[in-house]
Amino acid sequence: MKRLIILVCCLISLCCYGRQIREKDMGAYLFTFFNDPTHGLFMAISYDGYTFTAVNNGEPIISGDSIAEQHGIRDPHIYRAPNGKFYIAMTDLHVFGKQKGIRTTQWERPDKYGWGNNRGLVLMASDDLIHWTHHVARIDKLFPERFGEIGCAWAPQTIWDPAVGKPMVYFTIRQQAGDRTKLYYSYADEAFTTLETEPQLLFEYPDEKIQVLDADICPMPDGCYFMTYVSQENPGGIKYMISDRINHFDDYHAEQIDAERSGCEAPNVWKRIGENKWVLMYDIYSVNPHNFGFVETTDFKTFTPLGRFGEGKMKMTNFTSPKHGSVIHITKAEAKRLENYWNKQQQKSKTIRSGELWRDDSGRHINAHGGGVLKYGDTYYWFGEHKAERTSDGLVGVMCYASKDLVNWRNCGVALSVSDERGHDIERGCILERPKVIYNPLTKKFCMWFHLELKGKGYSSARYGVAVANRPEGPYKFLYSSRANAGTWPVEGSPMGYDEYLKRDFAPGQMSRDMTLYVDDDGKAYHIFSSEENMTLHIAELTGDYLHHTGRYTRVAPGGQNEAPAIFKHKGTYWMITSGCTGWDPNEARMFSAPSIWGPWTQHPNPCIGPKQELTFGGQSTYILPVGDKYIFMADIWRPRHPIDARYIWLPIEFDENDKPVIRWRDEWDLQVE
């Protein structure tokens, strides 16, 4: 009788919405998943249920940063509801927030709340799979009496409860750190904006010492419900229960039904269109790279292994390492509409727009200020200062981003982290600016130099810092910090020109502030920095390992008050663009040239042409990037009241009839056609 009531309710629900979802109308499969590097939402399509191809050329279709409080999503589950809507429920969590520079702590809350310790679920709804609403449902705020101090809320999934006439969201909850995770359910409103009922226990596992999580509920042909879930035993794997009630399970089966010897999680069961076959898909978190495993059943009792993605019948064509996925049926028309939409998005011009928000692969504004770019192999690596919301002090360190085309950037995380050790040179709260990285082909090390001011000392330290790494993206190991060329006069000798501060700092070493690095055609490297209370630029030769000064250096424009040096070489002439010293406020760019790195250096007029040319377009130089036989002028638009929102100016450098550099403002430009 209960099964009959459920079936009748289903039919009534379908008729009420005027559209019955029939399996015979379906012609494709839609697979949603996320991955660790982006914490964004991906979609892939299959027409045969075996080979999946990601839309949007394998890039995220929605960034976690744009929809989640913690700037990342995990565990996306898609559901096709009988009311004609599509629902996606996700975990609001970024597990690499500290490494990605999103926060300064490992988790959003103190460790006492346990691993992850998030409290929110992201709920999205759509009528067409393209345009989505999104809301964050905070369990602690919605149900404070029972769940106000919740430890975590993970892996939400959705199913329509025909008896209630609403979507039922079921998910994992850990009430307190150290407690077991358990499975709960709650009812959402039909618009999928919030949870309306306090979470209730979905089932009680017989062994009170074992954690359970990641449930998936699949309707069976006889009106019952087949629930798979993860039992974290040794190893963690997939178990199942069967019930005639959608929100209560007690039919315990001890056996695991996955085909893995190592740990797996995130089960999802979906039917093959037009066949009496159901596929159990799961995430094998214990292998590297991450992969999915598959078993198939016709009776929900016996399960035939299909292998993993790329190792058997199941294949993925243009993506790797998916995590925690789900599959639904869609029509061929829906599949084609999705493919066409994302193909058009890919065909849009990939241009550089100075002064606008530049987003990384997770959708977050690139946080790499005062930076420089290193090309290694076929990849560009952009290093820059991490800026916080209200301070420019170093709370995180140096960020690194990677790109193949200088337009689309992947967040590689924190390349050099500040230290929590009290009194450390790069203690959290120091001032760490203008990081630049060069590669040493002899030592095969990546060498980072930066301007450093010790914590609590304002700008009086005026040091440079040095760090090294074995990979371009790091992590970088801090080596030391120092003043420059102590006890050494410049190649010009002394006394000379404007030399008051040069004499003062002879013994302790010269001041080293705004800086850049330059590697010449012969492989020699140079550290170029503002010195002598920002009155004079110094160009100092580096040792063969690029980690120290040789003691040989020259002064440029003594007493001229130059900072923010950026240098390049064109047709045998060295060109350097600098800024005046006006604090955070922009000023007119200066330009110098020399036949040798050692000079003599000649000053030229401002190379900028266009709106606000007298203010360097509102920015300040930081680096000049060679790209083939072209050059890109890089600058920062500083916003001291909201440092993290500083913007970037990248413009191509042109040359006039006398072969002098010209930087012309462009609202938008395409590097490929310049």
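Residues numbered from 1 in each chain as written. Predicted model: local features only at pLDDT ≥ 70, side-chain atom pairs only at ≥ 80, totals over all residues. Heavy atoms only, no water.

S.K.: What should I look at first to understand the overall build of the protein in this one?
M.R.: The helix and strand inventory of the protein stands at 5 helices and 41 strands. With respect to the principal axes defined by its C-alpha atoms, the protein has extents near 100 × 55 × 40 Å. Every one of the 674 residues in the protein was classed for burial, and the buried ones make up 59%. Summing over all exposed atoms, the protein offers an accessible surface of approximately 26,900 Å²; the carbon and sulfur share of this is 49%. Computed over 76 positive and 85 negative side-chain charges, the separation of the two mean positions in the protein equals 1 Å. (Helix = DSSP H or I, 4+ residues; strand = E, 2+ residues; numbered from the N terminus. Buried < 20%, exposed > 50% of the residue type's maximum accessible area, 1.4 Å probe, protein only. Areas by Shrake-Rupley, 256 points an atom, 1.4 Å probe, with all protein chains shown as cover. Lys, Arg positive; Asp, Glu negative; His and termini not counted. Charge placed at Lys NZ, Arg CZ, Asp CG, Glu CD.)

S.K.: I keep staring at the sheet that holds strand 20 (residues 323-330) and nothing clicks. Help me out?
M.R.: Think of a sheet as strands paired side by side through backbone hydrogen bonds, with each pair either parallel or antiparallel. The mixed open sheet is built from 5 strands, whose spatial order is 19-3-2-1-20. The open sheet has two edge strands with one neighbour each: strand 19 (315-316) and strand 20. Across 6 bridges, the pairing between strand 1 (residues 28-34) and strand 2 (residues 41-46) is antiparallel. Across the sheet, residue phenylalanine 33 finds its bridge partner in strand 2, namely phenylalanine 42. Here helix 4 (residues 332-347) sits on the sheet and contacts strand 1, strand 2 and strand 20; the angle it forms with strand 2, its principal contact strand, is near 130 degrees. (Pairing = 2+ DSSP bridges. Contact = heavy atoms within 4.5 Å. Axes fitted to C-alpha atoms, helices over the stretch in contact; angles between N-to-C directions.)

S.K.: I would appreciate a short explanation of unusual backbone geometry in the present structure.
M.R.: Following asparagine 288, the chain continues to proline 289 via a peptide bond in cis, the omega torsion being 0 degrees. Counting through the fold element by element, proline 289 comes out in the loop between strand 16 (278-284) and strand 17 (291-297). For the bond from glycine 474 to proline 475, the omega torsion is 10 degrees, close enough to zero to count as cis. Of note, proline 475 is situated in the loop between strand 27 (463-469) and strand 28 (477-482). Backbone geometry at serine 321 places phi at a positive 55 degrees, although glycine is not the residue there. Given a relative accessible area of 22%, serine 321 falls into the partly exposed group. Even without a glycine there, the phi angle at aspartate 659 is positive, about 65 degrees. Tracing the backbone shows aspartate 659 in the loop between strand 40 (647-655) and strand 41 (661-664).

S.K.: How should the side chain of aspartate 140 be read in this particular structure?
M.R.: With respect to the helices and strands, the residue aspartate 140 is situated in helix 2 (residues 139-142). Among the residues examined, aspartate 140 registers a relative accessible area of 9% and is labelled buried. At a separation of 2.9 Å, a polar atom in the side chain of aspartate 140 contacts the side chain of arginine 138. Setting aside residues no more than four positions away along its own chain, aspartate 140 makes contact with Arg119, Phe147, Gly148 and Ile150. (Polar contact = N/O pair within 3.5 Å; in protein donor to acceptor, adjacent residues only side chain to side chain.)

S.K.: Help me out: how do you make sense of helix 4 in this one?
M.R.: Think of an α-helix as 3.6 residues a turn; residues three or four steps apart then line up on the same face. Relative to the 22 Å expected for 16 residues at 1.5 Å per residue, helix 4 spans 22 Å between its end C-alpha atoms, a close match to the ideal helical length. Of the surrounding secondary structure, the elements contacted by the buried residues of helix 4 are strand 1, strand 2, strand 4 (73-80), strand 5 (86-92) and strand 20. (Expected span 1.5 Å × (residues − 1).)

S.K.: What am I meant to see in the packing of aromatic side chains here?
M.R.: For any two aromatic rings, the description comes down to two numbers: the centre-to-centre distance and the angle of the planes. On inspection of all chains with the given rule, the structure shows 50 aromatic pairs. Measuring from centroid to centroid gives 5.2 Å for tryptophan 382 and tryptophan 409, while their planes differ by 70 degrees, and the two rings are edge-to-face. Of the two residues, tryptophan 382 is situated in strand 22 (residues 379-385) and tryptophan 409 in the loop between strand 23 (397-403) and strand 24 (410-417); the sequence distance between them amounts to 27 residues. An aromatic cluster of three or more residues is present, and its members are Tyr29, Phe31, Phe33, Phe42, Phe52, Trp270, Phe292, Phe294, Phe309 and Phe319. In this structure, lysine 271 is placed above the aromatic ring of tryptophan 278, and the distance from its NZ or CZ to the ring centre is 5.4 Å. When the ring centre of tyrosine 50 is taken as origin, the NZ or CZ atom of arginine 272, which lies over that ring, is 3.9 Å away. (Phe/Tyr/Trp six-rings, centres within 6.5 Å; stacked < 30°, edge-to-face > 60°. Lys NZ or Arg CZ within 6 Å of the ring centre and 35° of its normal.)

S.K.: Looking at this model, I keep getting lost on the pattern of salt bridges. Mind explaining?
M.R.: Two side chains of opposite charge can pair, provided their charged atoms sit close to one another. Scanning the entire structure with this criterion turns up 43 salt bridges. Among the ionic pairs, glutamate 204 bridges to lysine 182, the shortest N-O distance being 3.8 Å. One end of the pair, glutamate 204, is in the loop between strand 11 (200-201) and strand 12 (212-219); the other, lysine 182, is in strand 10 (residues 182-187), with 22 residues separating them in the sequence. Owing to a relative accessible area of 44%, glutamate 204 belongs among the partly exposed residues under this scheme. The partly exposed category is assigned to lysine 182, whose relative accessible area is 25%. (Salt bridge = Lys/Arg side-chain N within 4 Å of Asp/Glu carboxyl O.)

S.K.: Help me understand the pairing of strand 15 (residues 265-271), please; the structure alone is not making it clear to me.
M.R.: Within a regular strand, the side chains alternate between the two sheet faces. Of all the 7 residues making up strand 15, 7 are buried; the element is thus mostly covered by neighbouring parts of the structure. In this structure, strand 15 lies alongside strand 16, joined through 5 bridges in antiparallel fashion. For glutamate 265, the partnering residue across the bridge sits in strand 16 and is aspartate 283. Hairpin connection from strand 15 to strand 16: 6 residues lie between these consecutive antiparallel strands, with glycine 274 at a positive phi of about 75 degrees.

S.K.: Sorry if this is basic, but what is going on with the nonpolar core here?
M.R.: Side chains of a nonpolar character, in soluble globular proteins, are inclined to be buried together. By size, the foremost hydrophobic cluster in this structure holds 40 residues, and its most contacted members are Ile139, Leu195, Phe203, Ile217, Met227 and Tyr229. Looking at this core element by element, the count peaks at 5 residues for strand 9 (residues 166-174). Excluding residues that lie within four positions of it along the chain, methionine 227 makes contacts with Leu202, Phe203, Ala215, Asp216, Ile217, Lys239, Tyr240, Met241 and Phe249. Residues Trp409, Cys608, Tyr631 and Ile663 belong to the second largest nonpolar core, which totals 39 residues. (Core = buried A, V, L, I, M, F, W, Y, C linked by side-chain atoms within 4.5 Å.)

S.K.: What should I look at first to understand the sheet that holds strand 23 in this one?
M.R.: In space, the 4 strands of this open sheet follow the order 21-22-23-24, with antiparallel pairing throughout. Sheet topology places strand 21 (369-376) and strand 24 at the edges, where each strand pairs with a single neighbour. The average undirected angle you get between the axes of adjacent strands in this sheet is 25 degrees. Where strand 21 lies against strand 22, 6 bridges are found, and the strand directions are antiparallel. Opposite leucine 374, over in strand 22, you have tyrosine 381 as the bridge partner.

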